[in-house]
Amino acid sequence: MESKLAELSNLRNEIISKQEQKRNVWLHMYILFVSLFVLGLEVSHYLFLLTFVILIPYQEVINNMEWNVSRISAYIRTFFEKDNPDLNWESMNTQYESYLRYLDERVKGLSGFIRNAGSIHLGFLASAFFIGFTLKENITVHGEIFALDIVDIFFVLLSIGMFIITVCINQESRINHKPDLEPLMDGYREEVISRNSNSVREQVSPAEENENEGIQ
């Protein structure tokens, strides 16, 4: 029993650690983005494109941390909470409809939008400002807004493509892994129970088997 409680404590600490790491990565992403964005305003608008070098990898790291938390949560629900009515935290966060509706209401404000948007709005700013500055430069140099050469067109398309990639990666963070993870965890739980039952039967000595047969 003590070993089970120790395992549960370690798993919950791991979730807390992952959530703290996620917040730190999120803050670092914003700080680096703002730094490059300001440099883009002051030095060269091509630096707006470099922000995607920050946004895409950092969002992938955030997604991976959320995936790891989902795996640990599914394990806790399956191996600890399913047979113990006194343990309910992970189940409440994934299955209790009233609580889930409450959480949805909590994230409808501006702060919730910023958290859920992840890197989308940052990518939109970077792409929009790059395209805007590129068109502005063409007005200044050529006197026409759409007098773009092949290099400008390439970078404009690149900025749009990078923004689309950012949106797709960010949407992955909203995937509900519960339908995929729980059947896997349930299957593994049944396998563990079966393996432990076989192990107990194998540990029964021949003398005990004969004694049991004699009693029958």
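Worth saying up front: this structure is predicted, and the values here are computed from it rather than measured.

Q: How would you explain the confidence of the model for the chain if you had to name every residue and give the values?
A: Per-chain confidence: the chain averages 83 in pLDDT, with 84% of residues scoring 70 or above. When pLDDT is averaged over each element of the chain, helix H7 (residues 150–172) comes out on top at 92 and helix H9 (residues 206–215) at the bottom at 53.

Q: Describe the side chain of aspartate 152, and please don't skip the residues or the numbers.
A: Within the secondary structure, aspartate 152 is located in helix H7. Buried and without a salt bridge, aspartate 152 has lysine 136 as its closest oppositely charged side chain, separated by 15 Å. Contact partners of aspartate 152, with chain neighbours within four places excluded, come to Tyr46, Thr134 and Asn138.

Q: Before we move on, can you summarise the environment of threonine 78 with the specific residues and values?
A: Counting through the fold element by element, threonine 78 comes out in helix H2 (residues 47–81). Ignoring sequence-local partners within four residues, the contact set of threonine 78 consists of Met185, Asp186 and Arg189.

Q: Quick one: what's the story with H7, residue by residue and with numbers?
A: With 23 residues, H7 should reach 33 Å at 1.5 Å per residue; the first-to-last C-alpha distance of 33 Å fits that figure. Near the N-terminus of H7, the side chain that reaches the backbone nitrogen of valine 151, with its oxygen 3.2 Å away, is that of aspartate 149.

Q: For the pattern of salt bridges, give the residues involved together with the corresponding values.
A: Under the counting rule described, the total for this entry stands at seven salt bridges. Note that glutamate 20 and arginine 23 form a salt bridge whose closest N and O atoms lie 2.6 Å from each other. Taken together, the residues span about one helical turn, with glutamate 20 and arginine 23 both in helix H1 (residues 2–42) at a distance of three residues. One salt bridge connects glutamate 66 with lysine 22, and the closest N-O pair in it is separated by 2.5 Å. Taken together, the residues span a long stretch of sequence, with glutamate 66 in helix H2 and lysine 22 in helix H1 at a distance of 44 residues. Where salt bridges share partners, they join Asp83, Arg189 and Glu190 into one cluster.

Conventions we followed
Residues numbered from 1 in each chain as written. Predicted model: local features only at pLDDT ≥ 70, side-chain atom pairs only at ≥ 80, totals over all residues. Heavy atoms only, no water. pLDDT = per-residue confidence, 0-100. Helix = DSSP H or I, 4+ residues; strand = E, 2+ residues; numbered from the N terminus. Buried < 20%, exposed > 50% of the residue type's maximum accessible area, 1.4 Å probe, protein only. Lys, Arg positive; Asp, Glu negative; His and termini not counted. Salt bridge = Lys/Arg side-chain N within 4 Å of Asp/Glu carboxyl O. Contact = heavy atoms within 4.5 Å. Expected span 1.5 Å × (residues − 1). Polar contact = N/O pair within 3.5 Å; in protein donor to acceptor, adjacent residues only side chain to side chain.

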